[in-house]
Amino acid sequence: MSLRIKLSLMLASFLVLIGVFAAGTLVIFENLSVNMSRLNSVSQEYKLIRGLQSQIYDFMHVTRNWGLTGEAKFRQQYQAKLAQTYEGFEKTRELSAQHKELENIESEFRQVAKYARAVIEIRKPVG
């Protein structure tokens, strides 16, 4: 075998090896892209759930403060916080895969909202 043929074979095998590595790299990056998109959707769902949790806490905080202090600002914030919380449920329902759990939480929140309405309707909650 002449030197020219050996060099040609070596170059061809080197180019094939580069092609295999390039294809492997493309497969790896495609899988990485799929996993990153899954991670992004899970992250978005987590943010929505944490936001909903915060909205529920704010709603309960406003109701509790009205009952404890009787300050008018808490009574005024009640409707806004209630609307924000229901809006949070709606957004979370659209993007969450946990529909059954979310329905249970929303059902329990509706019960809490009934009790909160009873507290807010008291004209002078503090002695």
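Residues numbered from 1 in each chain as written. Predicted model: local features only at pLDDT ≥ 70, side-chain atom pairs only at ≥ 80, totals over all residues. Heavy atoms only, no water.

Sorry if this is basic, but what is going on with a nonpolar patch on the surface here?
Taken together, the side chains of L11, F14, L15 and I18 define a hydrophobic patch exposed on the protein surface, amounting to about 400 Å² of accessible area. In this fold, F14 is placed in helix 1 (residues 3-69). Given the relative accessible area of 47%, F14 is considered partly exposed. (Patch = residues over 30% accessible without salt bridge, like charges linked within 9 Å, V, L, I, M, F, W, Y side chains within 5 Å. Areas by Shrake-Rupley, 256 points an atom, 1.4 Å probe, with all protein chains shown as cover. Salt bridge = Lys/Arg side-chain N within 4 Å of Asp/Glu carboxyl O. Helix = DSSP H or I, 4+ residues; strand = E, 2+ residues; numbered from the N terminus. Buried < 20%, exposed > 50% of the residue type's maximum accessible area, 1.4 Å probe, protein only.)

Quick question: what am I supposed to make of the nonpolar core here?
Grouped burial of nonpolar side chains is what soluble globular proteins tend to show. By size, the foremost hydrophobic cluster in this structure holds 14 residues, and its most contacted members are F59, Y78, L82, F89 and F109. Secondary-structure elements contributing two or more residues to this core are helix 1, helix 2 (72-95) and helix 3 (99-120). With residues near it in sequence (within four places) discarded, L82 still touches F59, F109 and A113. (Core = buried A, V, L, I, M, F, W, Y, C linked by side-chain atoms within 4.5 Å. Contact = heavy atoms within 4.5 Å.)

Explain the packing of helix 1 against helix 2 here, please?
Helix-helix packing: each pair is described by the crossing angle between the helix axes and the interaxial distance. Remark: helix 1 packs on helix 2, axes separated minimally by 8 Å, with the N-to-C direction vectors making an angle of 160 degrees. Between helix 1 and helix 2, the angle falls in the class roughly antiparallel. Seen from above, helix 1 lies across helix 2 with left-handed handedness. (Axes fitted to C-alpha atoms, helices over the stretch in contact; angles between N-to-C directions. Parallel < 35°, antiparallel > 145°, perpendicular 65-115°, else oblique. Left-handed = near helix turned anticlockwise from the far one by under 90°.)

Is there a simple way to think about the packing of aromatic side chains in this case?
Within a pair of aromatic rings, the relevant descriptors are the distance that separates the centres and the angle that separates the planes. Under the definition given, this model contains 4 aromatic pairs. Ring centres of Y86 and F109 lie 5.5 Å apart, and the angle between their planes is 80 degrees; this geometry places the pair in the edge-to-face category. On the criterion of sequence distance, the pair formed by Y86 in helix 2 and F109 in helix 3 is long-range, its members being 23 residues apart. Judged by relative accessible area, F109 falls into the buried class, the value being 3%. With 5.6 Å between their ring centres and 45 degrees between their planes, F89 and F109 make a pair best called tilted. A residue pair is termed long-range when its members are at least 10 positions apart, and F89 in helix 2 and F109 in helix 3 qualify at 20 residues. By the burial criterion, F89 is buried, and F109 matches it. Here the aromatic cluster, defined as three or more aromatic residues joined through ring pairs, consists of F59, Y78, Y86, F89 and F109. (Phe/Tyr/Trp six-rings, centres within 6.5 Å; stacked < 30°, edge-to-face > 60°.)

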